[in-house]
Amino acid sequence: MADLPHKATEIATGTARAAGDVLAARPVTHLCAAVLGGPPAFRRTLHVGQPNMPDQKAFLKRMQHILDSGRLTNWGPMVQEFESRVAGIAGAKHCIVTNNATTGLELAIAGMGMSGDVIVPSFTFVATVHALWRQGVRPVFCDIDPVRHCLDVACVEAAITSRTTGILGVHLWGNSCASDALRDLARRHDLKLLFDAAHAFGCQPGRPDGAYLGDAAVYSFHATKCVHAFEGGAIVTDDDDLAARLRLMVNFGFAGEDVVTYLGTNAKMSEASAAMGLTSLESMHLFFDHNRENYTAYAAGLADVPGVELMPRSANRVHNFQYVVTAIDPEQAGLSRDELVAALRLENVFARRYFYPGCHRMQPYAGLSPRAGQTLPVTEAVADRVMILPTGMALSARDVARVCARIAAIVQHAPKVRAALRHCTDPRLPDFARAADTAAGPH
Ligand code: T4K
């Protein structure tokens, strides 16, 4: 569907041009933000995590093959091929695919023998922490570094006690944890090292980094991920024994037709999901390249917007650019992150405040570590400022330029936008920005 051609505003100010021209198109004084009564930037809604659609013909051909063969699930040929492709891309000896990453994390936690306390960031999707809790493991929240948003190694070291059995790091936004340092720490203290790599499929560190996969790592192939299998996950590891155990656990613990040798569950991926995963893999580099182009357009379009900072990405690293991460400085922008997210909703741009407010403020973890608010200063600051912007195949670089132009216009008129939001009752506003709450700002 075409975007709204606001020629009277955007073309007059030059903002309807290609991404690289956005800077030249300033000032944007005449561009009226939707919250101030202008038409929305987009007729359709732009989402974070809108699925990338791979080649439909190739997918349907695989589906036909599945239907013809009668093999629908239980480690069929599609799943086997997908496992071998994922292991190859990850550079791991073994891959066990699962029905989603959350189950994959739970199985890895149990299979690795984690118990007692495990150190984990609070700044992550809540599934990371739920997986521990559901396996009877107490999460010990640790702060993150402000640049990569991954575990701060010094904080991890300080948090280790006699109850600690492992570290669960998150390669957040596809960034790499300080994996070598975490591996050394884990070895010195005889701890297990697991990585939640839900965001990081296809990402590779810039230099050889044998620790990137830890003792095991878990990918997500959820529909919102760059490469997806509708729903899906994968555990990768170089550990033969762990892999053998996990393969049993994924399938109820069955070691033979009626021989059960281990506590297991049903975490199997279906052939239909694997067919989507394989087809999605065939377009992986197309998706990555497209995301990189969008990232470049965001970098150009946001370069001069005060208070809106784009998280840098290392050029010497393979990156899926799946998440476009910005940090909002309310002093400079004149608006809080929440106000900017709210104003963008009226443009039909659904930016997200992942992963506010941090797991330590969610149930059942709030109250678990009462001092977490003080011991996680970076987490608290980052959770209040991060805004994720849409990308993926659903957006062109030109769309990105338009999003940036609207952000610039909103920031330029920040006092008026703030006042307008106080009285706004538009149903598209997120719950946290309903008229009565908006003035309160973040916690
Ligand atoms: N660890 C980390 C660090 C994670 O981020 C995640 C998941 C996990 C572990 C667990 O992985 P899985 O068990 O899910 O494999 C989404 C995803 O559900 C979740 O997978 C993801 N991370 C998380 C960051 O985001 P929501 O609830 O914020 O997204 P949702 O469902 O609102 O989707 C975003 C938008 O995308 C929708 O508003 C509309 C659009 N959309 C979405 C789907 C699913 C579509 O257009 N079509 C679709 O089919 O959680």
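In the block above lies the structure referred to throughout.
Remember, it's a predicted structure, so these values are computed and weren't measured experimentally.

Trainee: I'd like a description of helix α2 (residues 56-69), backed by residues and values.
Mentor: Taking 1.5 Å of rise per residue, the 14 residues of α2 would be expected to cover 20 Å, and the 20 Å separating its terminal C-alpha atoms lies within 8% of that figure. Along α2, the residues that are buried comprise Phe 59, Arg 62, Met 63 and Ile 66. Take α2 and look down its axis: the buried residues cluster within an arc of 100°, on one side only. Counted as exposed and oriented over 90 degrees from the buried face of α2: Lys 57, Leu 60, Lys 61 and Asp 68.

Trainee: I'd like a description of the packing of aromatic side chains, backed by residues and values.
Mentor: The tally for this structure, following the rule as stated, stands at 15 aromatic pairs. Ring geometry for Tyr 323 against Tyr 354: centres 6.4 Å apart, planes inclined by 80°, an arrangement best described as edge-to-face. With Tyr 323 in the loop between β9 (308-310) and β10 (324-328) and Tyr 354 in the loop between β11 (349-350) and α13 (372-375), this residue pair connects regions lying 31 residues apart in the sequence. An angle of 20° between the planes, with centres 4.9 Å apart, marks the rings of Tyr 354 and Phe 355 as stacked. Looking at Tyr 354, the relative accessible area reads 17%, which means it is buried. On the basis of relative accessibility, which here comes to 6%, the residue Phe 355 falls in the buried class. An aromatic cluster of at least three residues, connected via ring pairs, comprises Phe 123, Phe 125, Trp 173, Tyr 323, Tyr 354 and Phe 355. Over the ring of Phe 350 we find Arg 345; its NZ or CZ atom is 4.5 Å from the centre of that ring. We note Arg 353 situated over the ring of Phe 432; from NZ or CZ to the ring centre the distance is 3.4 Å.

Trainee: So what's going on with the site of the ligand? Residues and values would help.
Mentor: Around the ligand sit 24 residues, and of these Thr 102, Asp 196, His 199, Ser 220 and Tyr 354 come closest. Separating an oxygen atom of the ligand from a backbone N or O atom of Ala 101 is a distance of 3.1 Å. Contact between the ligand and Tyr 354: an oxygen atom at 2.6 Å from a side-chain N or O atom of the residue. For the ligand, the accessible surface in isolation is 920 Å², of which the surrounding protein chains cover 74%. For the shell around the ligand, the secondary structure elements donating two or more residues are α4 (101-111) and α5 (126-134). Of the residues belonging to the shell around the ligand, the class tally is 9 nonpolar, 12 polar and 3 charged.

Procedures and definitions
Residues numbered from 1 in each chain as written. Predicted model: local features only at pLDDT ≥ 70, side-chain atom pairs only at ≥ 80, totals over all residues. Heavy atoms only, no water. Helix = DSSP H or I, 4+ residues; strand = E, 2+ residues; numbered from the N terminus. Expected span 1.5 Å × (residues − 1). Buried < 20%, exposed > 50% of the residue type's maximum accessible area, 1.4 Å probe, protein only. Arc of directions from axis to C-beta. Phe/Tyr/Trp six-rings, centres within 6.5 Å; stacked < 30°, edge-to-face > 60°. Lys NZ or Arg CZ within 6 Å of the ring centre and 35° of its normal. Near = heavy atom within 4 Å. Polar contact = N/O pair within 3.5 Å; in protein donor to acceptor, adjacent residues only side chain to side chain. Areas by Shrake-Rupley, 256 points an atom, 1.4 Å probe, with all protein chains shown as cover. Nonpolar A, V, L, I, M, F, W, Y, C, P; charged D, E, K, R; others polar.

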